[in-house]
There are 2 protein chains.
Amino acid sequence: MPTDKPAVPSVWARQRHKREQPPLSQDRIVAEAVRLLDEEGIEALSMRSLGNRLGAGATSLYRHVANKDELIELVVDEVYGELEVPEPGGSEAPDGWRESVAASAGGLRAMILRHPWVASVLGQVGLARLGPNLTRQSERMLALFHRAGFPSDEADRAMNTVIAYVVGMTVSEAAYLSMLARSGQSEQELMEGLRRVAEETVRDLPLLREGYERRGGEDPSRLRDESFAYGLERFLDGLQARLESLGS
Amino acid sequence: MPTDKPAVPSVWARQRHKREQPPLSQDRIVAEAVRLLDEEGIEALSMRSLGNRLGAGATSLYRHVANKDELIELVVDEVYGELEVPEPGGSEAPDGWRESVAASAGGLRAMILRHPWVASVLGQVGLARLGPNLTRQSERMLALFHRAGFPSDEADRAMNTVIAYVVGMTVSEAAYLSMLARSGQSEQELMEGLRRVAEETVRDLPLLREGYERRGGEDPSRLRDESFAYGLERFLDGLQARLESLGS
DNA sequence: ACGCTGCTGCGCACACTGTGCGCTAGGGTG
DNA sequence: CACCCTAGCGCACAGTGTGCGCAGCAGCGT
């Protein structure tokens, strides 16, 4: 009776189902997607490749995820979960909010640089789709501004402002770093190549050219850190001034 | 002799070649791509659809454009060309730089909102690929900060800071507006739907909830404008303070 | 113990994508 | 006239997201 051992390949296809790792789940899918994205970048994420990594077929994922766009939203919220916005503690220095906000901003930047692919995706997802992690972190950050003394409506604007700054700054860093990773060159080599092209186009643009030359020998990574810190400081200065003018 | 009128479709395929509009060129391709993107959004841009609009086959485009990524870079630089950064005029008020920078920032925001698809693309292109339009506008904006009195290295950081802010803020606006456009609903309907979902997730997040409720009856578009202006003001305040502390 | 019901994973198929290859026809130059 | 150069095209290939219907398993009520 052939149904017992029919020798058709369906048998060992069944077999693997048995011995495989824990069954698919949305959490497992999202976690593996983050790993894939970190390792190979955004263009390597396809339902098939992700399925392979999980020992599953491409379409199996659709049992746990509506479509690729939803998967990406989930993945973005997942990495928002890595943020650590300081709890607004009880007794801190009068300028404590500055440090807390700066720490949050630095953490957000670090997270994006750890996962540079979020840059490619923020423009499509936006901050509109609010996952649980994003909302939780927002709430805590908002509390920071409240605690600092901003009235409700301004706290909210202030928070959006600093998030916008961090995202804008870091997205362009991340895009640059992704390009670097894809090119396979060292940063020195890439900069050399870029400069060669740039020199031609900035020939008649003295200010830009002067900037390029000035930054010639510097460590690019340190420059990025400093540039980020500079803007953030200006920002916090502006917010602090506003706070003081409100208090009077 | 069948070669004279072979009745195979290749004949009228030839015919059209003759009567068609001006021949393909990189400029025509890029311009039509911008139009397509404005009308139908980023996901509607394919080499085939773009070719159709130009009365050409998909692969014909590759004679004038290396690949789709390069096309996108060209398209982005094209819209940068719409910016109008004020020339640093001769004699202006001492705070003239504030207005000029604010005008540039507003122009950049308006451009992105006119072409919301740039938001989806900035993360992949970054500001690294510097087309002629982008560099020209940067030079002029840099001149603004120089004229205001910032030393060279700070002018550069200041410019990047305000660009980062505008991009960060506007990208999330644009993502929201794209979603709105795709949904086909009115803004009121969409907000209603979003709020229904949000209300559940912000149940235990009092600050966020308070914000949602407060903004309930307001005009969303005016709120966005005000929010943008608020952050920009704080920013310019911070820069101005820095400028004064440098001058002393 | 049995059959039913619902859920999970999968193979297949479809429409569609970006892009390389090699042909053709037309315009310019010798 | 012969020639070559180039713009445009059809074809083809590999790879994409995703709908559909089937197969086997888990847990249930009887």
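All of these numbers come straight from a predicted model, not from anything done at the bench.

Observations regarding the overall build of chain A
So, point 1. Scanning chain A from N- to C-terminus turns up 11 helices and zero strands.
So, point 2. Counting from the amino terminus, helix and strand elements in chain A follow one another as α-α-α-α-α-α-α-α-α-α-α.
So, point 3. Scored against the burial criterion, the 248 residues of chain A give a buried share of 35%.
So, point 4. Put simply, of all contacts in chain A between residues at least 6 apart along the chain, 70% involve residues at least 24 apart.

Concerning the domain arrangement of chain A
So, point 1. Split by domain assignment, chain A resolves into domain 1 (20-65) and domain 2 (85-184 + 218-247).
So, point 2. Taken together, the contact pairs four residues of domain 1 of chain A with six residues of domain 2 of chain A.

A closer look at the packing of helix α5 (residues 96-114) of chain A against helix α11 (residues 220-247) of chain A
All names here are of chain A.
So, point 1. Where α5 contacts α11, the two axes come as close as 11 Å, and the packing angle between them is 145 degrees. Remark: the crossing between α5 and α11 carries right-handed chirality. Residues R98, V101, A102, A105 and R109 of α5 lie in contact with α11, whose contacting residues are F228, L232, L236 and Q240.

Details of the protein's contact with DNA strand D
So, point 1. Near DNA strand D lie 20 residues; those nearest to it are S46(A), N67(A), K68(A), L24(B) and A56(B).
So, point 2. At three residues, helix α3 (residues 47-53) of chain A tops the list of elements feeding residues into the surface near DNA strand D.
So, point 3. In terms of residue class, the surface near DNA strand D is built from seven nonpolar, nine polar and four charged.

Let's talk about the relation of the copies chain A and chain B
So, point 1. Placing chain A over chain B gives an RMSD of 0.0 Å and needs a rotation angle of 180 degrees, together with 0.0 Å of translation along the axis. Seen this way, the second copy is the image of the first under a two-fold rotation axis.
So, point 2. When the interface residues of chain A are mapped onto chain B, 100% of them again fall at the interface, so both copies present the same face.

Overview of the confidence of the model for chain A
So, point 1. Taken over all residues, the pLDDT of chain A has a mean of 87, while the share at 70 or more is 88%.
So, point 2. Put simply, helix α1 (residues 10-19) of chain A is where chain A has its lowest mean pLDDT, 41, and helix α2 (residues 26-40) of chain A is where it has its highest, 97.

Remarks on the interface of chain A and chain B
So, point 1. On the chain B side, the residues contacting the 53 residues of chain A number 53 residues.
So, point 2. For the side of chain A that touches chain B, the secondary-structure elements that each account for two or more residues are α6 (117-125), α7 (132-148), α8 (152-183), α9 (187-201), α10 (206-214) and α11 of chain A.
So, point 3. A total of 16 residues in the side of chain A that touches chain B trace back to one element, the largest contributor, which is α8(A).
So, point 4. Counted by class, the side of chain A that touches chain B contains 27 nonpolar, 17 polar and nine charged residues.

Examining the nonpolar core
So, point 1. Among the nonpolar cores identified, the biggest contains 118 residues, and V75(A), V162(A), V75(B), V162(B) and Y165(B) are the most heavily contacted of them.
So, point 2. When near neighbours in sequence (up to four residues on either side) are disregarded, V75(A) contacts V30(A), A33(A), V34(A) and L37(A).

Digging into α8(A)
Residue and element names in this part refer to chain A.
So, point 1. Here α8 is 32 residues long and its end C-alpha atoms lie 46 Å apart, about the 46 Å a rise of 1.5 Å per residue gives.
So, point 2. Burial runs high along α8: 23 of the 32 residues are buried.
So, point 3. Of the residues flanking the end of α8, it is G184, one or two places downstream, whose phi is positive at about 75 degrees.

Overview of the protein's contact with DNA strand C
So, point 1. Of all residues adjacent to DNA strand C, which total 19 residues, the nearest are P23(A), L24(A), A56(A), S46(B) and K68(B).
So, point 2. Those elements giving two or more residues to the surface near DNA strand C turn out to be α1 of chain A together with α3 (47-53) of chain B.
So, point 3. Sorting elements by how many residues they give to the surface near DNA strand C places α3(B) first, with three residues.
So, point 4. A breakdown of the residues in the surface near DNA strand C according to their chemical character gives seven nonpolar, eight polar and four charged.

A look at the packing of α10(A) against helix α8 (residues 152-183) of chain B
So, point 1. The interhelical angle for the contact between α10(A) and α8(B), taken along N-to-C directions, is 105 degrees, at an axis separation of 10 Å. Considering their axes alone, α10(A) and α8(B) lie roughly perpendicular with respect to each other. Here E210(A), G211(A) and R214(A) of α10(A) lie close against α8(B), whose contacting residues are S152(B), D153(B) and D156(B).

Thoughts on the environment of Q240(B)
All names here are of chain B.
So, point 1. Tracing the chain through its elements places Q240 in helix α11 (residues 220-247).
So, point 2. Exposure remark for Q240: the 18 C-beta atoms within 10 Å place this residue in the partly exposed category.
So, point 3. Remark: the alpha-carbon pair of Q240 and W97, spanning 143 residues in sequence, is separated by 9.6 Å.

Details of the environment of R28(A)
Residue and element names in this part refer to chain A.
So, point 1. The topology assignment puts R28 in helix α2.
So, point 2. With 10 residues separating them along the chain, R28 and D38 place their C-alpha atoms 15 Å apart.
So, point 3. Look past the residues within four positions of R28 in its chain and what remains in contact with it is P22 and L54.

Cut-offs used in this document
- Residues numbered from 1 in each chain as written.
- Chains lettered and ligands numbered in written order.
- Predicted model: local features only at pLDDT ≥ 70, side-chain atom pairs only at ≥ 80, totals over all residues.
- Helix = DSSP H or I, 4+ residues; strand = E, 2+ residues; numbered from the N terminus.
- Buried ≥ 20, exposed ≤ 12 C-beta atoms within 10 Å, placed from the backbone.
- Contact = placed C-beta atoms within 7 Å.
- Domains from an automatic or database assignment.
- Axes fitted to C-alpha atoms, helices over the stretch in contact; angles between N-to-C directions.
- Left-handed = near helix turned anticlockwise from the far one by under 90°.
- Near = placed C-beta within 6 Å.
- Nonpolar A, V, L, I, M, F, W, Y, C, P; charged D, E, K, R; others polar.
- Least-squares fit on C-alpha atoms with pLDDT ≥ 70 in both.
- pLDDT = per-residue confidence, 0-100.
- Core = buried A, V, L, I, M, F, W, Y, C linked by C-beta atoms within 7 Å.
- Expected span 1.5 Å × (residues − 1).
- Parallel < 35°, antiparallel > 145°, perpendicular 65-115°, else oblique.

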